[in-house]
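A look at the structure
Each chain, written out:
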Amino acid sequence: MDPESGHSAGALVDAPGTAGAGGTEERKPTVAEQVRTGHFVVAVDGPSGSGKSTVSRRLATATGARYLDTGAMYRAITWAVLRSGVDPHDTPGVVKVASDVTLTVGTDPAAPRISADGVAVDVEIRSQEVTSAVSAVAAVPAVRERLVAEQRALIDQPAPIVVEGRDIGSVVAPDADLKVYLTASAEARAMRRSAETAADVAATAAALARRDRLDSTRAADPLQQSADAVELDTTGMGIDEVVDRLRELLVARTTR
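Presented here is an overview of the structure given in this document.

Cut-off values and rules
Residues numbered from 1 in each chain as written. Predicted model: local features only at pLDDT ≥ 70, side-chain atom pairs only at ≥ 80, totals over all residues. Heavy atoms only, no water. Axes fitted to C-alpha atoms, helices over the stretch in contact; angles between N-to-C directions. Helix = DSSP H or I, 4+ residues; strand = E, 2+ residues; numbered from the N terminus. Parallel < 35°, antiparallel > 145°, perpendicular 65-115°, else oblique. Left-handed = near helix turned anticlockwise from the far one by under 90°. Contact = heavy atoms within 4.5 Å. Nonpolar A, V, L, I, M, F, W, Y, C, P; charged D, E, K, R; others polar. Expected span 1.5 Å × (residues − 1). Buried < 20%, exposed > 50% of the residue type's maximum accessible area, 1.4 Å probe, protein only.

Attention now moves to the packing of helix α3 (residues 70-83) against helix α6 (residues 141-155). Any two packed helices are characterised by the angle at which their axes cross and by the distance between the axes. Where α3 contacts α6, the axes come no closer than 11 Å and their chain directions differ by 135°. Put simply, α3 runs oblique to α6. Regarding α3 and α6, the two cross each other, and that crossing is right-handed. Here α3 contributes T70, M73, Y74 and I77 to the contact with α6, which in turn contributes V143, R144, R146, L147, V148, E150 and Q151. A breakdown of the residues in the contact of α3 with α6 according to their chemical character gives 6 nonpolar, 2 polar and 3 charged.

Taking 1.5 Å of rise per residue, 15 residues should cover 21 Å, and α6 covers 21 Å from first to last C-alpha, within 8% of that figure. Inspection of α6 places V143, R144, R146, L147, V148, Q151, L154 and I155 among the buried residues, and these make up the whole buried set.

This paragraph deals with the pairing of strand β6 (residues 161-165). A large share of β6 lies buried, amounting to 5 of its 5 residues. What you see with β6 is no split at all: I161, V163 and G165 on one side and V162 and E164 on the other are buried throughout.

What follows is the structure, encoded as structure tokens:
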């Protein structure tokens, strides 16, 4: 699922209602109107290639919420580490860079932005170099402590928010109104990611398996499904289908 795919954000809003008995058209409430007024938090976790970014952005757009890609924050720190010439496995060096760099994070789902020390790094953090190093940097407890604190500060702001990552429901926002764990078959995930990067599917599958192993076995906040999260296998599902299911879950959780 590519965040920049051809699917329009308009496909995510509710369709107009049908005409009532009196002949007048009954407007169907939007999802934003159905969920409670004020602050709600949706935590979307899952491995790479499960569709987190696309689905989270679409859900945020449909509900009028903010969107936070926590993975981009770890990637930005990794970019800063590499820019500084520090080995991603040099823990003291990584901690020093992470403590010095200033991140600025935008939460508009239509145009999420991130910068490091005033430098826009939206494109740079998606490079293969950063992708290969991010697991090592993200495994450093001091890095996670710093970023989790910043993520919680963003979440605590008044407006509703959809947050995606690998430890949102279990660590960052354990009291989220809705927790979802997205998954998909290894083949589906590899095909999606290779479509984004134009890389070989087999090589992509191997890289994803390595990332899964590193993320799920790290000592600090490993990738895991919260006990109270709704698991949704997106294999064979379209983007709109997944988003519609999450909208239903959100309405059920926030209007009861």
